[in-house]
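One-letter residues, chain by chain:
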Amino acid sequence: MASKTVAAKDIITLHGSAAIVSEFFCYAANSILYNRAVYPEESFVKVKKYGLPMLLIEDESVKSFMSNLTSQISEWLEAGKLQRVVLVIMSKATGEVLERWNFRIETDNEVVDKGVSREKSDKEIMREIQAIMRQVASSVTYLPCLDETCVFDVLAYTDTDVAVPFTWVESDPKLIANPQMVKLHGFDTKIHKVDTLVSYKNDEWDEEE
């Protein structure tokens, strides 16, 4: 009797999916800060994640910020209340917004409401995340050079019935007027779907008259 190979599927729970997405954002944010030179190269340590060499910042204040951020994002994801997360890069001198890394999140509300699980291969999810991380790592090839000292901030878009934690403050959307946009790969845990888009300030030298 001929045997048939069946692709392995892993059970994805709401808690597990929230952990995958929040951890992804932490690594993606670190990669953005490194590749966009918001912090100097020597501020990062190399680790292996998603089958790729990744970089994590060693600055204690930023590490603490990222840890708290990951925890809060995971909580909102499990509640089905998070719509998007945006990492904003701004000029330190003027506060002008130069880049917005937008992570839009769609949640399977049936999972949130009924507690059911979904199935998807962990390897397939990892491959999808790898594709995003490779695009972030190559961002220097399609984004303008940030030739000034920059700082970053993180915006979270939640449902209106979510109370703002005391460590967060209400903020304007920090938009860029007439931005250029690049759509990146996304990934899907079958519970949370994440689409990624980076928008950036036009390089005036490249604009046609």
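Basis of the calculations
- Residues numbered from 1 in each chain as written.
- Predicted model: local features only at pLDDT ≥ 70, side-chain atom pairs only at ≥ 80, totals over all residues.
- Heavy atoms only, no water.
- Helix = DSSP H or I, 4+ residues; strand = E, 2+ residues; numbered from the N terminus.
- Rg over C-alpha atoms; globule rule 2.2 N^0.38 Å.
- Buried < 20%, exposed > 50% of the residue type's maximum accessible area, 1.4 Å probe, protein only.
- Contact = heavy atoms within 4.5 Å.
- pLDDT = per-residue confidence, 0-100.
- Salt bridge = Lys/Arg side-chain N within 4 Å of Asp/Glu carboxyl O.
- Phe/Tyr/Trp six-rings, centres within 6.5 Å; stacked < 30°, edge-to-face > 60°.
- Lys NZ or Arg CZ within 6 Å of the ring centre and 35° of its normal.
- Expected span 1.5 Å × (residues − 1).
- Axes fitted to C-alpha atoms, helices over the stretch in contact; angles between N-to-C directions.
- Parallel < 35°, antiparallel > 145°, perpendicular 65-115°, else oblique.
- Left-handed = near helix turned anticlockwise from the far one by under 90°.
- Nonpolar A, V, L, I, M, F, W, Y, C, P; charged D, E, K, R; others polar.

Novice: Could you clarify how one ought to interpret the overall build of the chain in this entry?
Specialist: When helices and strands are tallied, the chain shows four helices and ten strands. Walking the chain from its N terminus toward its C terminus, one meets helices and strands in the order β-α-β-β-α-β-β-α-β-α-β-β-β-β. Here the C-alpha atoms of the chain give a radius of gyration of 18 Å, agreeing with the 17 Å that 2.2 N^0.38 yields for 209 residues. Each of the three principal axes of the chain carries a C-alpha extent, and together these read 70 × 45 × 40 Å. Split into buried and exposed, the 209 residues of the chain put 42% on the buried side. Once local pairs closer than 6 in sequence are excluded, the contacts in the chain between residues at least 24 apart make up 71%.

Novice: In this structure, what is going on with the confidence of the model for the chain? I would like to understand it.
Specialist: Low pLDDT means the predicted atomic positions in that stretch should not be read closely. Residues of the chain with pLDDT of at least 70 account for 91%, and the chain-wide mean is 90. Averaged over each element, pLDDT in the chain is lowest for strand 1 (residues 10-12) (93) and highest for strand 9 (residues 187-188) (98). Counting contacts from residues 205-209, a segment whose pLDDT is below 50, to residues more than four positions away or on other chains yields one contact.

Novice: Sorry if this is basic, but what is going on with the pattern of salt bridges here?
Specialist: Any two side chains of opposite charge can pair, given that their charged atoms come close. If you walk through the whole model with that rule in mind, you get nine salt bridges. Across the pair D108 and R118 runs a salt bridge, and its minimum N-O distance is 2.8 Å. On the criterion of sequence distance, the pair formed by D108 in the loop between strand 5 (97-107) and helix 3 (109-114) and R118 in strand 6 (residues 118-120) is long-range, its members being ten residues apart. A single salt-bridge network, built from bridges that share partners, covers R104, E106 and D195.

Novice: Could you clarify how one ought to interpret the packing of aromatic side chains in this entry?
Specialist: For any two aromatic rings, the description comes down to two numbers: the centre-to-centre distance and the angle of the planes. This structure, assessed with the given rule, holds seven aromatic pairs. Ring centres of F25 and F103 lie 5.3 Å apart, and the angle between their planes is 90°; on these two criteria the pair is classed as edge-to-face. Of the two residues, F25 sits in helix 1 (residues 14-35) while F103 sits in strand 5, which places them 78 residues apart along the sequence. An aromatic cluster of three or more residues is present, and its members are F24, F25, F103 and F187. The aromatic ring of Y50 is capped on one face by K49, whose charged end is 5.4 Å from the ring centroid. The side chain of R84 reaches across the aromatic face of Y157, ending 5.6 Å from its centre.

Novice: Before we go on, may I ask you to explain helix 2 (residues 60-78) in this structure?
Specialist: Quick reminder: α-helices carry 3.6 residues per turn. Residues three or four places apart thus point the same way. A rise of 1.5 Å per residue sets the reference length of helix 2, with its 19 residues, at 27 Å; its end C-alpha atoms lie 27 Å apart and thus fit the reference within 8%. All of the buried residues in helix 2 are V62, M66, L69, T70, Q72, I73, S74, W76 and L77. Taken together, the buried residues of helix 2 touch helix 1, strand 3 (52-57), strand 4 (82-91), strand 5, strand 7 (150-158) and strand 10 (192-200). Immediately downstream of helix 2, the backbone of G80 shows phi near 70°, a positive value.

Novice: Even after reading the chapter, I still don't get the packing of helix 1 against helix 4 (residues 122-137), so can you show me in this structure?
Specialist: Contact pair helix 1 / helix 4: the axes reach a minimum separation of 9 Å and the direction vectors enclose 20°. With respect to their mutual orientation, helix 1 and helix 4 come out roughly parallel. By crossing handedness, the relation of helix 1 to helix 4 is classed as right-handed. Counted together, I20, F24, Y27, A28, S31, I32 and N35 of helix 1 and I125, I129, I132, M133, V136 and A137 of helix 4 form the full contact between these two elements. Along the lines of polarity and charge, the residues of the contact of helix 1 with helix 4 split into eleven nonpolar, two polar and no charged.

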